[in-house]
Amino acid sequence: MHPFSYTKAADIDGALDGGRRGGRYIAGGTTLVDLMRENVERPGELIDISALPLHDITGTAGGGLRIGALVSMAAAAAHPKVRAAFPVVAQALELSASPQLRNMATIGGNIMQRTRCTYFRDVRAACNKRRPGSGCAALDGFNRSHAILGASDQCAATHPSDVAVAFAALEAGVRLLGPDGERSLPFADFLLPPGSTPHQEQALRPGELITAVEIPAHPQPLKSGYLKVRDRQSYEFALTSAAVALHVRGGVIRAAKIAAGGVGTVPWKLPAVERHLIGERPSESLWAAAAERAADGARPLRHNGFKTELLKRTVARQLRIVGGRK
């Protein structure tokens, strides 16, 4: 462990002052502390933001939700408004980590978490995320858990968050506050694919703080759910996952919001699947045909080619589950 300073921010202005100095924000610490122990990250200053007034879940106009950045994963999953309006979010949270971690980890921290790629966490291995320009050991190494969508010749690591997949499907926005004021980013623009700069993982400006995630209103009734496929049922990251939300009216699919996890360098929206569903009547043949588009553009590596078919089957199964509900 390398020396660092620690400050507990009493208010948002104090937190932003620390961020302006280059301090790193910390709340639950379930990711950053681990990375510090492993010498993957070496921040010189930690700014504890856990006392800031960002712990509320409130409704927004038309039936949307605003989830404060410091709401714990457990509290968000159990909240009546989340469970009633967007079950896909509650289910994604409940299938994440362990109960102990869900009690500590925050929504803001969860979407900011860094990859679980073993090469990223092994300081002896080449990793462009950890040390730009050093190379990517995963590309020619053991890459069973890596991305088949959105990878580049610099990085193929997947984003580990489950709830980020639900947020991507629902086209949520991220509220940010920084030295230059407040702004909002679509979730699709917040997390960055690796391209030639895999060390730049979020579209954050220096010193910016996440204040909330906002889920917009969607046409009602909206049926939604999250399906996660993993090697074991307890505390494991996804091989693939599917977040599905469908608006069916008059026996016809009027809106479809779908994203996949475990297969992309960021939570992967599936617009080709969505387009295939709109205007159609739910049926087994429709689910299967739509799911065939889930892996469009996939570029498997040596050990993860199985993810292509697994993704299609996972999307088809979750469409069947959500679309078949009364």
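Parameters at a glance
- Residues numbered from 1 in each chain as written.
- Predicted model: local features only at pLDDT ≥ 70, side-chain atom pairs only at ≥ 80, totals over all residues.
- Heavy atoms only, no water.
- Helix = DSSP H or I, 4+ residues; strand = E, 2+ residues; numbered from the N terminus.
- Buried < 20%, exposed > 50% of the residue type's maximum accessible area, 1.4 Å probe, protein only.
- Contact = heavy atoms within 4.5 Å.
- Pairing = 2+ DSSP bridges.
- Axes fitted to C-alpha atoms, helices over the stretch in contact; angles between N-to-C directions.
- Salt bridge = Lys/Arg side-chain N within 4 Å of Asp/Glu carboxyl O.
- Core = buried A, V, L, I, M, F, W, Y, C linked by side-chain atoms within 4.5 Å.
- Phe/Tyr/Trp six-rings, centres within 6.5 Å; stacked < 30°, edge-to-face > 60°.
- Right-handed = clockwise from strand over helix to strand, strands pointing away.

Draft legend 1. A look at the side chain of Thr-211. Looking at the element boundaries, Thr-211 is found in strand 8 (residues 209–215). Given a relative accessible area of 7%, Thr-211 falls into the buried group. Not counting chain neighbours up to four residues away, the residues in contact with Thr-211 comprise Leu-54, Arg-66, Gly-68, Ala-69, Arg-175, Leu-176 and Leu-177.

Draft legend 2. A look at the sheet that holds strand 4 (residues 57–60). If you trace the five strands from one edge of the open sheet to the other, you get 4-5-8-6-7, paired in antiparallel fashion. The open sheet has two free edges, formed respectively by strand 4 and strand 7 (181–186), since each of these has just one partner strand. When the angles between neighbouring strand axes are averaged without regard to direction, this sheet yields 25°. Pairing between strand 4 and strand 5 (residues 64–68): four bridges, direction antiparallel. When the bridges of strand 5 are listed, Gly-59 appears paired with Leu-65.

Draft legend 3. Expanded view of the pattern of salt bridges. Here the structure, examined in full by the defined rule, presents 24 salt bridges. Measuring nitrogen to oxygen at the nearest pair gives 2.7 Å for the salt bridge that ties Arg-83 to Glu-94. Here Arg-83, found in helix 4 (residues 80–85), pairs with Glu-94, found in helix 5 (residues 87–94); they are 11 residues apart in sequence, far enough to count as distant. Its salt-bridge partner being Lys-312, residue Glu-292 comes within 3.4 Å of it at the nearest N-O pair. Of this pair, Glu-292 sits in the loop between helix 13 (284–291) and helix 14 (306–323) while Lys-312 sits in helix 14, and the two are 20 residues apart along the sequence. For Lys-312, a relative accessible area of 17% puts it in the buried group. What emerges from the salt-bridge pattern is a single network uniting Arg-24, Glu-41, Arg-114, Lys-129 and Glu-201.

Draft legend 4. Layout of the nonpolar core. Counting residues in each nonpolar core, the largest one holds 42 residues, and the members touching the most others are Val-89, Ile-111 and Phe-167. Counting residues per element, this core draws most heavily on helix 10 (residues 163–169), at seven residues. Those residues in contact with Phe-167, other than ones at most four positions away along the chain, are Ile-67, Val-89, Ile-107, Ile-111, Ala-172, Phe-187, Val-213 and Ile-215.

Draft legend 5. Spatial organisation of the sheet that holds strand 10 (residues 240–249). If you trace the four strands from one edge of the open sheet to the other, you get 9-10-11-12, paired in antiparallel fashion. At either margin of the open sheet sits one strand with a lone partner, and together these are strand 9 (223–229) and strand 12 (268–269). Where strand 11 (residues 252–261) meets strand 12, two bridges bridge the pair, whose relative direction is antiparallel. When the bridges of strand 12 are listed, Ala-260 appears paired with Trp-268. Where helix 5 meets the sheet, it contacts strand 9 and strand 10, and its direction lies at approximately 20° from that of strand 9.

Draft legend 6. A look at the packing of aromatic side chains. All chains considered together, the criterion is met by three aromatic pairs. Taken together, a centroid distance of 6.3 Å and an interplanar angle of 45° make the contact between Phe-187 and Phe-190 tilted. One end of the pair, Phe-187, and the other, Phe-190, are both in helix 11 (residues 187–190), three residues apart, so they sit about a helical turn from each other. Classification of Phe-190 as buried rests on a relative accessible area of 0%.

Draft legend 7. Summary view of unusual backbone geometry. Cis geometry is adopted by the peptide bond preceding Pro-221, which originates at Gln-220 and carries an omega value of 0°. By secondary structure assignment, the location of Pro-221 is in the loop between strand 8 and strand 9. Phi at Asn-39 is positive, roughly 60°, even though this residue is not glycine. As for its placement among the helices and strands, Asn-39 is situated in the loop between helix 2 (32–37) and strand 3 (45–48). Located in the positive-phi region is Ala-97, a residue other than glycine, with phi close to 50°. Among the structural elements, Ala-97 can be located in the loop between helix 5 and helix 6 (99–104). The exposure class assigned to Ala-97 is partly exposed, which follows from its relative accessible area of 25%.

Draft legend 8. Broad picture of the pairing of strand 3. The alternating pattern of strand 3 places Glu-45 and Ile-47 on one face and Leu-46 and Asp-48 on the opposite face, and all of these are buried. Pairing analysis gives four bridges linking strand 1 (residues 5–8) to strand 3, with the strands arranged parallel. Paired with Thr-7 across the two strands is Ile-47, which belongs to strand 3. Where strand 2 (residues 24–26) lies against strand 3, three bridges are found, and the strand directions are parallel. Considered in strand 3, the bridge of Ile-26 is made with Asp-48. As a crossover connection, the stretch from strand 2 through helix 2 into strand 3 is right-handed.

In short, geometric facts, not functional conclusions.
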